[in-house]
Amino acid sequence: MSPELAGVLQLAALIGALALVYRPLGDYMAAVYSSEKHLRPEKWIYRCIGANPSTQMRWPAYLRGVLAFSLMGVLFLYLLQRVQGSLPLSLGFTPISPHQAFNTAASFVANTNWQSYSGEQSMGHVVQTAGLAVQNFVSAAVGMAVAIALVRGFARSRTGELGNFWADLVRGTVRILLPLSVVGALVLVACGAIQNFAGIHEVGQLTGGSRQMNGGAVASQEVIKELGTNGGGFFNANSAHPFENPSGFTNLFEIFLILVIPFALTRTFGKLVGNIRQGYAILAAMGLIWLGFTALMMWTEFHHGGAALQEAGGAMEGKEQRFGVGASAIFATSTTLTSTGAVDSFHSSFTGFGGGLTMLGMMLGEIAPGGVGSGLYGMLSMAIIAVFIAGLMVGRTPEYLGKKIGSREIKLAACYILITPTLVLGFTALSMALSTPPDSMLNTAGNSVNHSGAHGFSEVLYAFTSGANNNGSAFAGLNANTQWYNTTIGLAMLLGRFLPMVFVLALAGSLAEQKPVPETAGTLRTEKPLFAGLLVGAILIITGLTYFPALALGPMAEGLS
Amino acid sequence: MSTATTPVRTAPEGGHPHGPEGSGGRVSGGLFDPRQLVKSLPDAFRKLDPRIMAKSPVMFVVEIGSVLTTVLAFLDPGDWFGWAITVWLWLTVVFANLAEAVAEGRGKAQADTLRKAKTDTVARRLTGSAEEQVPGTELRIGDLVVCEAGDIIPGDGDVVEGVASVDESAITGESAPVIRESGGDRSAVTGGTKVLSDRIVVKITTKPGETFIDRMINLVEGAARQKTPNEIALNILLASLTIVFLLAVVTLQPFAIYAGAEQTMIVLTALLVCLIPTTIGALLSAIGIAGMDRLVQRNVLAMSGRAVEAAGDVSTLLLDKTGTITLGNRQAAEFVPVTGASEAELADAAQLSSLADETPEGRSIVVLAKERYGLRARDEGELGHAASLTFVPFTAQTRMSGVDVDGTTVRKGAAGAIVAWVGQRGGEVSSDARETVDAISAAGGTPLLVAIEDADGPRVLGVIHLKDVVKEGMRERFDELRRMGIKTVMITGDNPLTAKAIADEAGVDDFLAEATPEDKMALIKREQAGGKLVAMTGDGTNDAPALAQADVGVAMNTGTSAAKEAGNMVDLDSNPTKLIEIVEIGKQLLITRGALTTFSIANDVAKYFAIIPAMFGAVAGYEGLDTLNIMRLSSTESAILSAVIFNALIIVALVPLALKGVRYRPMSADRMLRRNLGLYGLGGLIAPFIGIKLIDLLISLIPGIG
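Every value quoted in this text rests on a predicted model; they were computed, and no experiment measured them. (Residues numbered from 1 in each chain as written. Chains lettered and ligands numbered in written order. Predicted model: local features only at pLDDT ≥ 70, side-chain atom pairs only at ≥ 80, totals over all residues. Heavy atoms only, no water.)

Scanning chain A for helices and strands turns up 18 helices and four strands. The C-alpha atoms of chain A give 22 Å as radius of gyration, which agrees with the globular expectation for 561 residues (24 Å, within 12%). For chain A, the share of sequence-separated contacts (at least 6 apart) that also reach a separation of at least 24 residues comes to 78%. Carbon together with sulfur atoms contributes 65% to the accessible area of chain A, which is approximately 18200 Å² in total. Each charge sign in chain A was given a centre, from 29 positive and 26 negative side chains, and these centres are 18 Å apart. (Helix = DSSP H or I, 4+ residues; strand = E, 2+ residues; numbered from the N terminus. Rg over C-alpha atoms; globule rule 2.2 N^0.38 Å. Contact = heavy atoms within 4.5 Å. Areas by Shrake-Rupley, 256 points an atom, 1.4 Å probe, with all protein chains shown as cover. Lys, Arg positive; Asp, Glu negative; His and termini not counted. Charge placed at Lys NZ, Arg CZ, Asp CG, Glu CD.)

Pasting the structure below:
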C-alpha cells in the first residue's frame, strides 16, 4: 500500500469514527447541560466550594465565576511549581524559575499548554498530576461552559440569565470529560502507553551510551491532553514519544480524541437552540475547513519536490516512521485547527507551505473545529460577522437564530476578532523590533540577525500565534525559555484566552435579553449550505487579509523559494 | 403645474411617483447625472474639514494618511512616486466627500424650492371676536386664525370652522385643489398652502419653525439626519476592520526590517489605504441619504432614516381594503334576474332607478347596463314626456332609492328593505330571489334587489351584484410579498363573510373584518409581541395610536394632523398602495450597503497580490514572493500606484450604484443572497485584478516610469 493511500484510508476511518459518535455524544452533552438534577458527587463538590448550582447567573456573574476560578488556578499552579523541591515524588527536580512558572501556570489554565520546559527534565509527579493534569480537565470544562453560556444566549429570550457557571464547570468535568478520559486511558494503556509512578531509569541506547527516562501517569494525562484540546505532553517529545503514543492506532485514536468533543458540540448547539440543522451548518463550515486543510497538508507533504524527500515517500524530516507522512499531516492540521497543540511530528520541519498551514490553522482563531468550547464560541462569533454582512445583502437588518445583530452585538463580536491579531502581530512585531528576542531563533547566536531568514521569523510568529490562540504547539527551534518569551507568551496566552471570554459572555447576555424575531421567507437561512460556504469564505478572507503580510514574509517566502 | 410650486416633484431628475401599476411596479433607482459630480465639487472640498471627516472613521484614516504623505513628499520633493501617491490619496478623500455631496445636493435643490414656497405670511389672528394682523412667526399653539380666499395659511393646524378649497401643490405637487373642512378626517391644513375659496378658521397646532414644511426642508436637506442603528453597527464593523489592517501594516515594518527590506512610510500608507474598506466607507452615508431621497422622489417623507431601515425589516403589512386592495367603491358586476323576468328587463329597471343616483355604485349600474345591454343613459329630458317623474333618493331610513314614473314605481336597495317594500304592497318575493341574494352575500358581494310595481303588481325583477373590484395586479404583488417573507393583512369594516371573499380574491394572507381602531391596535401589538415588525397606513385621528405603535406608520397627507404626527412617514400622494414600495426601498437600502461592504472587503485580496510582491519580490532571500505577482505588474512603483488609483477610482465608479441602489427584485432570501454574493462577492474578488492590471498598463506607457 502506498503511503498516500494509507493516509487517505486513515482519514476515512477517522471521519467514520467521528460520524459514529457525533449524534450520541452531542445529544448527551446537550442533556448534561440542560439537566435539572445534580449527581451526588457533584453535590459534594458544590458543598465544598460553597456554590449554589441552582441559581441563574447573568453574564457579569458568570464571567466573575470564570475569572475567579481561573485566577485561583494560575496562583495554585504557580505555587506548586515554585515549591516543587519540597513536594513528594518530585524525582529530585528543583523549583521552576519564576518566569517559567508563570508561563506554565498561564499556559495550562488558558487551555494552551505551551511548554517552555521539558516535562521529563523538570516536572515531578505531583506537579504533573495534581497541577497540570487537573488544569487539563478544568480549563477544558471552563471553555465548554462559556460556549454553552453563549448557546443559551441564543436559545433564551427576554432574560439575561445564562445558567450557572459552577454547575456547568462541574458537570462538564464530572459527566463528560472524566468518563470519556477513563475509557480513553484504558484504550491507550491497552495499546501500550505507560501509566505508573516510577522513578528515573537508566536506559541503554542502541547507539551506545545511556539516557535517563522516567515513568509517570502518562496514559491518563495523554487522554485528557487530547480530549480537552490541551496539548501539553508529559514528555518533551509530546505525542511523538512512544510512551505517549505507541502505535499507528493510538495515533489515530488520539486524533479522534482531539476532534470528538469540538465537532460533537455543534450537535449540542443545534439541540439546545432547537434547530439541529443550524448545528449541521456550523459543523459543515468547521468540517470543510478541517478537511480542506488536511487535504492540502497531505498534498504538500507528499508531493514536495526534492529527490531526497521523494525517495523517503514525502517530507519525512521531523516525522515518525511509525506514523508516516499521511497520519502526521492529519495530526498536524487537527492539532492546529483545534487549540490542542499536541504534536506527533515537528511542524518546524514541515515544508514551507505545510508549516504555513499549521500557522494559518491557528490564525483562523482555532474554530474549525477549535478547542473544546472555544471552537464553538469562536465559530459563532465569526458567524455573527458573516451574518451581519450577508444579512444586509438579503435586505433585512441582520439576524442570527432569531436574534437581531445590532450595534451592540457587532461591537462585541468585532472586539472578539480583534484580540488575537492584536496579540499575535503586536508581540511578534515587538520581538522582531527589539534587539535580543531574535537571538532565540535557531542558529542565530553569534550571527547577524538576518541569518535565520524567513524560517527564523516563522519561529517567532508561530510562537505568538500558538500562544495567543491557546494552541500550545511550537515551531521547534525557537528557544522560548527566556524571560522575554516566557513573559510575553504567558501574557498572550492569558489575554488570548480570557479577553475573548469577556466579550463572548457579554454577547451571550445581550442576545439572551432580546426577544426573538420569527423566521420568514425573507430571513437569511443560516442552516443552508450556502451560508456554511459563506461563513468559510468570510473566515478565510478576514483571517487571510489580517495575516497575509506576516505569512508572506514567513512560510510563503520559504515555500515559494 | 409650474415647477415653482411643485418642489418635491422637481427633484433634479424629475422623479415621478410610481403607483403599483407604474413602471412594472419595481423600485427603480433615481437617475444619476454626471454633471452633479462637478456641481458638488466645492462641497466635497469643504468636507475635508477634519471635524467633519472624523464622523467616518475609515475616511478619516485616509485623510490622516494623505496629510502624512504630503509632508513626506515635501521633504523629498524630487520623488515623483511620493507626489503621485499623495495626489491619489487626496483624490480618494475628495471622491468620498463627492459621493456624499452629490447625494446631499439632490436634497438641497428640493429644500430651496420648498423655502421659496415658505414665504413670510401675515396671519389674521382672532382675539375674542376681534381680528389682528400678526407675522406668521409669532403664532403660538392654540391660536385661531382666519383664512379667506387668496390667503396663505400661516401655520399647520386644524380647521375648526368652515369649509374651503385649498391648493396644496406647494407640498404635494398636486395642482388639483382639495377640500378642507372642520371636523372629521379632512380638517388638517398645512402652513404654506393657499386657500382658493371660502373662509375657514384654523386652530394652530404647531410652533413656528416646527411646521410640516420646516420639517420637510430639514429632512430633504439632511440637516436632521442621524445615523441609523444599522449604519452605526456597520460603522463599528468597518472601524474594527480598519484597526485590523492598521495593525497588519504597522507591524509589517519590523518584519520588513528583519527581512532587510525596510519600507518607506509612503508605501506603508499606500498599503494601509488600499486595505481599509474605503469603498464602503466612502459611500456609506451617500447610500443612506440616497435611500431617503428615493422615498422623497416617490413623494414619501420619512421622518427618520430609522423608519426607512425598519421598512426593510417589516414582516407584516396591514393594508386597508378600500383604496389599497380594492378600487375603493363597489361596482355593479352583473344583473341576475329572477324566474319570470328577463335580464334586459332587469337591466332597464336598474338603470332607470339609478339615473339620479350619483353614488359611484349608482353610476356603475348605469355603466354596466350600457356596456352589457347597450342601454344608453337616458337623461331627464328623454323622460320629460312622462306625466309624472319623481326620483326617490337613498336615505339611511329607507335604505333604497328609485324612481316613480307614470304610475310605475321602481325601487332598488338592500335586500331587507326591498322585501319589506314588496311585502307592504302585497307582493311576494320568490325563493330564487332570496337564494340569489344569499349566494351573492356568501361570495362577498353586495346584493341589491330591484323591484317594480306596475300594472302587473309589485314584484322583484332580480338582483344587482355589486362587487368590490380588486385592483389589477394585486394578487401578483401579494405573491411577491409572500416570497419576500412578508405577511399581508387586509383591514376592513366589512363583515367577515365579505372580507373573506375579497381576501381570497386578492390573495392576502389574512384579514381583519369589522375592524375597529382598537382591533387594529391589538393586531399590531400581537404581531409585535411575536417579534415581527409591522407597517401600516392610516389617515384618521382614530388611526393615530396604531400609526404610532406600528414600526412603520405611513400617514396619508390628506389625513388629520394627529395621524401625520403619529406616523413616521407621510405619503404626500395619499396612496396607500405605496406601502409596498416603501418596504422595497428599505430593503434596497440595506442590500446596497451589504453589497458594497462585501465588494469592498473582497477587493483587498487583489491589492495584496499587487503590493506584497512589489514590496518584497526583489529582496534577497524572498525572491519567491515575486511568484505572487500574478498580474505581472510592470514595476514596484507602478504596482503600488495602480492599486491606489484603482482604490480611488472605484469610489467614483460606484457613486451611481450607491445613489440608485442595487437592482432589487422581490425573491426569497436564499436566491437574493446567492445572486448578490455572486455579483458583489465574486465580482469584488475579480474586478480589481483586471482594474489594477489595466491601470498598470497605462502607467507603464508613461515615459520614465515602469
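Additional details are given in the paragraphs that follow.
Between chain B and chain A, the residue contacts involve 63 residues of the former and 60 residues of the latter. Between chain B and chain A lies a buried interface of about 5100 Å² when both sides are counted; carbon and sulfur atoms form 76% of it. Looking at the side of chain B facing chain A, the largest losses of area belong to B:Phe255, B:Tyr258 and B:Leu673, adding up to 16% of the total buried there. Linking chain B to chain A there are two salt bridges. A:Lys528 serves as the salt-bridge partner of B:Asp670, at 3.0 Å between the closest nitrogen and oxygen. Summed over the shared surface of chain B and chain A, the number is 13 residue pairs in polar contact (both at pLDDT 80 or more). At the level of elements, α8 (229–258), α11 (305–313), α17 (474–483), α19 (517–529), α22 (578–616) and α24 (669–701) of chain B are the ones that each hand at least two residues to the side of chain B that touches chain A. The greatest single-element share of the side of chain B that touches chain A, amounting to 19 residues, is contributed by α8(B). The residue makeup of the side of chain B that touches chain A, split by class, is 37 nonpolar, 16 polar and ten charged. (Buried area = accessible area lost by both parts, 1.4 Å probe. Salt bridge = Lys/Arg side-chain N within 4 Å of Asp/Glu carboxyl O. Polar contact = N/O pair within 3.5 Å; in protein donor to acceptor, adjacent residues only side chain to side chain. Nonpolar A, V, L, I, M, F, W, Y, C, P; charged D, E, K, R; others polar.)

Right, let's get into the packing of helix α10 (residues 278–297) of chain B against helix α23 (residues 636–660) of chain B. Residue and element names in this part refer to chain B. Where α10 contacts α23, the axes come no closer than 8 Å and their chain directions differ by 20°. Taken together, α10 and α23 sit at an angle that is classed as roughly parallel. Handedness of the crossing formed by α10 with α23: right-handed. Seen from α10, the contacting residues are Thr278, Thr279, Ala282, Leu283, Ala286, Ile287, Ala290 and Arg294; seen from α23, they are Asn647, Ile650, Ile651, Leu654, Val655, Ala658, Leu659 and Lys660. A class-by-class count of the residues in the contact of α10 with α23 yields eleven nonpolar, three polar and two charged. (Axes fitted to C-alpha atoms, helices over the stretch in contact; angles between N-to-C directions. Parallel < 35°, antiparallel > 145°, perpendicular 65-115°, else oblique. Left-handed = near helix turned anticlockwise from the far one by under 90°.)

Looking now at helix α4 (residues 98–109) of chain A. All names here are of chain A. With twelve residues, α4 extends 16 Å between its outermost C-alpha atoms, agreeing within 8% with the 16 Å of an ideal straight helix rising 1.5 Å per residue. Taken across its twelve residues, α4 has nine buried, putting it largely inside the fold. Buried-residue contacts for α4 involve α3 (59–82), α6 (125–155) and α17 (483–513). Backbone geometry just downstream of α4 places Asn111 in the positive-phi region, at approximately 60°. (Expected span 1.5 Å × (residues − 1). Buried < 20%, exposed > 50% of the residue type's maximum accessible area, 1.4 Å probe, protein only.)

Attention shifts here to the sheet that holds strand β20 (residues 552–556) of chain B. All names here are of chain B. Read from one edge to the other, the open sheet built from seven strands follows the order β9-β21-β20-β19-β10-β17-β18, with strand pairing classed as mixed. Two strands in the sheet have a free side with no partner beyond their single neighbour: β9 (300–302) and β18 (510–512). When strand polarity is set aside, the average angle formed by the axes of neighbouring strands in this sheet is 20°. Bridge analysis of β9 against strand β21 (residues 569–571) gives three bridges, and the strand direction is antiparallel. Its bridge partner being in β21, Leu301 is matched across the sheet by Val570. (Pairing = 2+ DSSP bridges.)

Residue and element names in this part refer to chain B. In this fold, Asp696 is placed in helix α24. Although Asp696 is buried, it forms no salt bridge, and the closest oppositely charged side chain is Lys693 at an N-O distance of 4.4 Å. Polar side-chain contacts of Asp696 include one of 3.0 Å to the side chain of Ser634. For Asp696, the side chain forms a polar contact with the side chain of Ser638, separated by 2.2 Å.

Another aspect to go through is the UniProt feature "transmembrane region" (unreviewed entry) in chain B. As recorded in UniProt, the sites labelled "transmembrane region" (unreviewed entry) are residues 56–74, 80–99, 232–259, 265–289, 605–625, 640–659 and 679–702 of chain B. Helix makes up 96% of residues 232–259 of chain B and strand makes up 0%, while its end C-alpha atoms are separated by 40 Å. (UniProt positions renumbered as here; feature names shortened; annotations may be inferred.)

A few words now on the UniProt feature "binding site: ATP" (unreviewed entry) in chain B. All names here are of chain B. As annotated by UniProt and renumbered to match this structure, "binding site: ATP" (unreviewed entry) occupies Asp357, Glu361, Phe394, Thr395, Ala396, Gln397, Thr398, Arg399, Met400, Ser401 and Lys412. Examined against the element boundaries, Met400 turns out to sit in strand β13 (residues 400–405). When residues no more than four places from it in sequence are discounted, the contact partners of Met400 are Pro393, Phe394, Thr395, Arg411, Lys412, Gly413, Ala417, Ile418 and Trp421.

We now examine unusual backbone geometry. In this model, A:Ala368 is joined to A:Pro369 through a cis peptide bond whose omega is 0°. If you trace the backbone, A:Pro369 turns up in the loop between α13 (352–363) and α14 (374–393). For B:Glu514, which is not glycine, the phi torsion reads 45° and is therefore positive. Among the structural elements, B:Glu514 can be located in the loop between β18 and α19.

Within the largest apolar cluster, 305 residues are counted, with the highest numbers of intra-cluster contacts made by A:Ile261, A:Ile282, A:Tyr400, A:Leu535, B:Leu317 and B:Phe616. Ranked by the residues each element gives to this core, the list is headed by α22(B), at 21 residues. Excluding anything up to four places from it in sequence, B:Leu317 contacts B:Leu481, B:Ile486, B:Lys487, B:Thr488, B:Val489, B:Ala535, B:Leu579, B:Ile580 and B:Val583. Among the nonpolar cores identified, the runner-up in size contains 35 residues, and B:Ala347, B:Ala349, B:Val460 and B:Leu466 belong to it. (Core = buried A, V, L, I, M, F, W, Y, C linked by side-chain atoms within 4.5 Å.)

Right, let's talk about the packing of aromatic side chains for a bit. Applying the stated rule across the entire model yields 23 aromatic pairs over all chains. Here A:Tyr62 and A:Phe165 contribute two aromatic rings whose centre-to-centre distance is 5.6 Å and whose plane-to-plane angle is 70°, an arrangement assigned as edge-to-face. Placement of A:Tyr62 in helix α3 and of A:Phe165 in helix α7 (residues 165–190) is noted, with a sequence separation of 103 residues between them. Across this residue pair, the class does not change: A:Tyr62 and A:Phe165 are buried. Note on B:Trp80 and B:Phe81: the rings are 6.0 Å apart at their centroids and 85° apart in plane angle, and the pair reads as edge-to-face. The class for B:Trp80 is partly exposed, based on a relative accessible area of 35%. By relative accessible area, which is 9% here, B:Phe81 ends up buried. Cluster of aromatic residues (ring-pair linked, three or more members): A:Tyr62, A:Phe69, A:Phe165 and A:Trp166. (Phe/Tyr/Trp six-rings, centres within 6.5 Å; stacked < 30°, edge-to-face > 60°.)

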